[in-house]
Amino acid sequence: VYGLLGPGATLETSTLENVRSIILAAQSLLNKLIRSNLVKNTNQVEVLQKDPNSPLYSVRTFEELRLKPQLLQGVYSMGFNRPSKIQETALPMMLAEPPQNLIAQSQSGTGKTAAFVLAMLSHVDPSRKYPQCLCVSPTYELALQTGKVIEQMGQYYSEVKLVYAIRGNKLPRGTKLQEQIVIGTPGTMLDWCGKFKFFDPKKILVFVLDEADVMIDTQGHQDQSIRIQRMLPQSCQMLLFSATFEESVWNFAKRIVPDPNIIKLKREEETLDTIKQYYVLCNSREEKFKALCNIYGAITIAQAMIFCHTRKTAGWLAGELSREGHQVALLSGEMQVEQRAAVIERFREGKEKVLVTTNVCARGIDVEQVSVVINFDLPVDKDGNPDNETYLHRIGRTGRFGKRGLAINMVDSKMSMNILNKIQEHFNKKIERLDTDDLDEIEKIAS
Ligand SMILES: Nc1ncnc2c1ncn2[C@@H]1O[C@H](COP(=O)(O)OP(=O)(O)OP(=O)(O)O)[C@@H](O)[C@H]1O
């Protein structure tokens, strides 16, 4: 299957309406590629049960779930010692008899994929050689990532096989699938069960819809998913996962999952409390660059992220910094997701000390060891208004990381001063002026 795939989706291949969904899907893939650990979350899980009178089980250990030994071995071999926050509640619900339907929302990296993969592997009967679980993902790259988790978790359960229903994987007419798990994108999945009848949808026990928020942004995916769902038997367990839960996602979720239990885990809040914020007044990008050099000359910066508004500025700045002798990594929109993941990985490993990037590329990426964030350009939305949310994401820290940080904003016009003032008002946190021609003053900010 891997050999059949072309390179990852690029923005060039898309129509304009699809750009947002492609960015979302790419972001999600990027997060998966660069993630090395569970994203910890200290918030409480909110649970809404279909039947409020039934007792709510949550587990502290994987043993309590009475998994097949081959699966427990698979779980431990992945380095999981205990269920994540969302898994504590989601797993007993998904593994209950009779199976329960579930809608679960929690941010990327909290263990949703591992949870539903475990549920699918627990429910299949390997002695039956036909599809019993379907999992739909928004893109084939995301489907492949989930497939990898199935392969890893099921490594000691080799009787269970999976097949990818993705564009490019063409099967001869009349094929009857023998694999127990089918994972793919909605269009191909629909063709496989509706048009080509490669398997019998009435025999499906578990239907998983992953990344619902990304899914609904892609034209046609919603309808295709609903059409697949309609072919499944009433007894089929329906599971839907999403990182965010806007109204539109919720409406879609309710159409896909009848009588759901609902689990939500709020994202850990980011705060500016532990961040010292400054701004520097300049007149041009050259002056901004000079200010940046002065800062680097005065204080030791282990690792910094620098945000620019456009690819062009980012490219220019990366070049200038390299000429000054800095080890610079550039993250840019025209790079494919895999290339971006590699750049971030190198930066995380400390191979480069400065990461220059545009906003699109770096949304949602945590690089814990970064202590200095520089807004070479202030974050604005497409209408040129201050983008407070992005400002917070760039420089904010969750309580968990708690470390002190430094944020420096470059202001180069009346307009950008105005934006800075609005950001300051919005967060009600003072942003101090920094004179970068005064070395003593710069040294003070690092202490
Ligand atoms: N119980 C666990 N203990 C330790 N690590 C875990 C556990 N569950 C999952 N992980 C790991 O944490 C990371 C995130 O898990 P997972 O991919 O399942 O999260 P997710 O919520 O599905 O995120 P995304 O939607 O981005 O895929 C993965 O590297 C996974 O291997």
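Just so it is clear, the model here is predicted, and its values are computed rather than measured.

Definitions and limits used
- Residues numbered from 1 in each chain as written.
- Predicted model: local features only at pLDDT ≥ 70, side-chain atom pairs only at ≥ 80, totals over all residues.
- Heavy atoms only, no water.
- Pairing = 2+ DSSP bridges.
- Helix = DSSP H or I, 4+ residues; strand = E, 2+ residues; numbered from the N terminus.
- Contact = heavy atoms within 4.5 Å.
- Axes fitted to C-alpha atoms, helices over the stretch in contact; angles between N-to-C directions.
- Core = buried A, V, L, I, M, F, W, Y, C linked by side-chain atoms within 4.5 Å.
- Buried < 20%, exposed > 50% of the residue type's maximum accessible area, 1.4 Å probe, protein only.
- Arc of directions from axis to C-beta.
- Domains from an automatic or database assignment.
- UniProt positions renumbered as here; feature names shortened; annotations may be inferred.
- Phe/Tyr/Trp six-rings, centres within 6.5 Å; stacked < 30°, edge-to-face > 60°.
- Lys NZ or Arg CZ within 6 Å of the ring centre and 35° of its normal.
- Parallel < 35°, antiparallel > 145°, perpendicular 65-115°, else oblique.
- Left-handed = near helix turned anticlockwise from the far one by under 90°.
- Nonpolar A, V, L, I, M, F, W, Y, C, P; charged D, E, K, R; others polar.
- Near = heavy atom within 4 Å.
- Polar contact = N/O pair within 3.5 Å; in protein donor to acceptor, adjacent residues only side chain to side chain.
- Areas by Shrake-Rupley, 256 points an atom, 1.4 Å probe, with all protein chains shown as cover.

Peer 1: Sorry, what's going on with the sheet that holds strand β11 (residues 304-308) here?
Peer 2: Pairing between sheet strands relies on hydrogen bonds along the backbone, with the strands arranged either parallel or antiparallel. Read from one edge of the open sheet, seven strands run β12-β13-β11-β14-β16-β10-β17, paired in parallel fashion. At either margin of the open sheet sits one strand with a lone partner, and together these are β12 (328-331) and β17 (432-433). On the sheet, helix α12 (residues 337-348) packs against β11, β12 and β13 (354-358) and is oriented at approximately 150° with respect to β12. Sitting on the sheet, helix α15 (residues 414-427) touches β10 (275-281) and β16 (405-411), and the angle it makes with β16 is about 145°.

Peer 1: Help me understand the nonpolar core, please; the structure alone is not making it clear to me.
Peer 2: The tendency in soluble globular proteins is for nonpolar side chains to be buried side by side. Core analysis: the biggest nonpolar cluster contains 46 residues, and Met94, Leu102, Met120 and Ile181 have the highest contact counts within it. With eight residues, the single largest contributor to this core is helix α4 (residues 112-123). The contacts of Leu102, once residues within four sequence positions are left out, are Ala90, Met93, Met94, Met238, Leu239, Leu240, Phe241, Val257, Asn261 and Ile263. Membership of the second largest hydrophobic core comes to 34 residues, among which are Met305, Phe347, Leu420 and Ile431.

Peer 1: Help me understand the pairing of β16, please; the structure alone is not making it clear to me.
Peer 2: Looking along a regular strand, one sees side chains alternate from face to face of the sheet. The element β16 is largely enclosed, with a buried count of seven among its seven residues. Here β16 shows two buried faces, one formed by Gly405, Ala407, Asn409 and Val411 and the other by Leu406, Ile408 and Met410. Here strand β14 (residues 372-375) pairs with β16 via four bridges, running parallel. Residue pairing across strands places Ile374 opposite Ile408, the latter belonging to β16.

Peer 1: What am I meant to see in helix α9 (residues 247-256) here?
Peer 2: Given 3.6 residues per turn, any residue in an α-helix points the same way as the ones three and four places further on. Along α9, the positions that sit buried rather than exposed are Val249, Phe252, Ala253 and Ile256. Each buried residue of α9 sits inside an arc of 105° when the element is viewed along its axis, so together they form one side.

Peer 1: Explanation requested: the domain arrangement of the chain in the structure shown.
Peer 2: It is common to give the size of an interface as the accessible area that goes away when the parts come together. Examined at the domain level, the chain breaks down into domain 1 (35-265) and domain 2 (275-446). Taking the mean C-alpha position of each, domain 1 and domain 2 sit 39 Å from one another.

Peer 1: In this structure, what is going on with unusual backbone geometry? I would like to understand it.
Peer 2: With the exception of glycine, most residues fall at negative phi, and the peptide bonds are largely trans. Cis rather than trans, the peptide bond between Glu97 and Pro98 has omega equal to -10°. Despite not being glycine, Glu211 shows a phi value in the positive range, around 55°. Here Glu211 shows up in the loop between β6 (206-209) and α7 (212-215).

Peer 1: Even after reading the chapter, I still don't get the UniProt feature "domain: DEAD-box RNA helicase Q" (unreviewed entry) in the chain, so can you show me in this structure?
Peer 2: Mapped onto this structure's residue numbering, the UniProt feature "domain: DEAD-box RNA helicase Q" (unreviewed entry) falls at residues 60-88. For residues 60-88, the helix share is 45%, the strand share is 0%, and the end-to-end C-alpha distance is 6 Å.

Peer 1: Looking at this structure, how should I read the packing of aromatic side chains?
Peer 2: Any aromatic ring pair is given by two values, namely how distant the centres are and how the planes are angled relative to each other. Per the stated rule, a full pass over the model turns up eight aromatic pairs. For the ring pair Phe116 and Phe241, a centre distance of 5.0 Å and an interplane angle of 40° mean the geometry is tilted. Taken together, the positions of Phe116 in helix α4 and Phe241 in strand β7 (residues 237-242) put the pair 125 residues apart, joining distant regions of the chain. The buried category is assigned to Phe116, whose relative accessible area is 0%. Taking relative accessible area as the criterion, Phe241 reaches 1% and is therefore assigned buried. Geometrically, the ring pair formed by Phe245 and Trp250 is edge-to-face, given 5.4 Å between the ring centres and 70° between the ring planes. By relative accessible area, which is 22% here, Trp250 ends up partly exposed. Among the aromatic residues, those joined into a cluster by ring pairs are Trp192, Phe196 and Phe198. The residue whose ring lies beneath Lys203 is Tyr130, and the NZ or CZ to ring-centre distance is 4.6 Å. Here the basic side chain of Arg285 rests over the ring of Trp316, its NZ or CZ set 4.0 Å away from the ring centre.

Peer 1: Explain the packing of helix α3 (residues 85-95) against α4 to me, please; I cannot follow it from the model alone.
Peer 2: Geometry of a packed helix pair, given as the angle between the helix axes and the separation of the axes. Direction vectors running N to C along α3 and α4 enclose 20°, while the axes themselves pass 10 Å from each other. The angle between α3 and α4 falls in the class roughly parallel. α3 and α4 meet at a crossing whose hand is right-handed. Of the residues in α4, those in contact with Ile86, Gln87, Leu91, Met94 and Leu95 of α3 are Lys112, Ala114, Ala115, Phe116, Leu118, Ala119, Ser122 and His123. Of the residues assigned to the contact of α3 with α4, the class counts are nine nonpolar, three polar and one charged.

Peer 1: I would appreciate a short explanation of the site of the ligand in the present structure.
Peer 2: In the neighbourhood of the ligand, 18 residues make up the surrounding shell, with Lys32, Arg82, Ser108, Gly109 and Thr113 lying closest. In the environment of the ligand, a nitrogen atom lies 3.5 Å from a nitrogen or oxygen atom belonging to the backbone of Ser84. One of the side-chain nitrogen or oxygen atoms of Gln87 is found 2.9 Å away from a nitrogen atom of the ligand. Burial of the ligand by the protein amounts to 85% of the accessible area it has alone, namely 620 Å². Top element by residues in the shell around the ligand is α4. It accounts for three residues.

Peer 1: Would you take a moment to explain the UniProt feature "domain: Helicase ATP-binding" (unreviewed entry) in the chain for this structure?
Peer 2: Under the present numbering, the feature "domain: Helicase ATP-binding" (unreviewed entry) in UniProt falls on residues 93-263. The span residues 93-263 is 37% helix and 18% strand, and its two end C-alpha atoms sit 10 Å from each other.

Peer 1: Is there a simple way to explain the sheet that holds strand β1 (residues 45-48) in this structure?
Peer 2: On the basis of which strands lie adjacent, the open sheet formed by eight strands has the order β1-β8-β2-β7-β6-β3-β5-β4 and mixed pairing. The strands lining the two open edges of the sheet, one partner per strand, are β1 and β4 (162-165). Ignoring which end each strand starts from, the neighbouring axes of this sheet average 15° apart. Where β6 meets β7, four bridges bridge the pair, whose relative direction is parallel. Bridge pairing in β7 places Val206 opposite Gln237. The strands that α3 touches are β1, β2 (102-106), β7 and β8 (261-265); relative to β8, the one it contacts most, it runs at about 170°.

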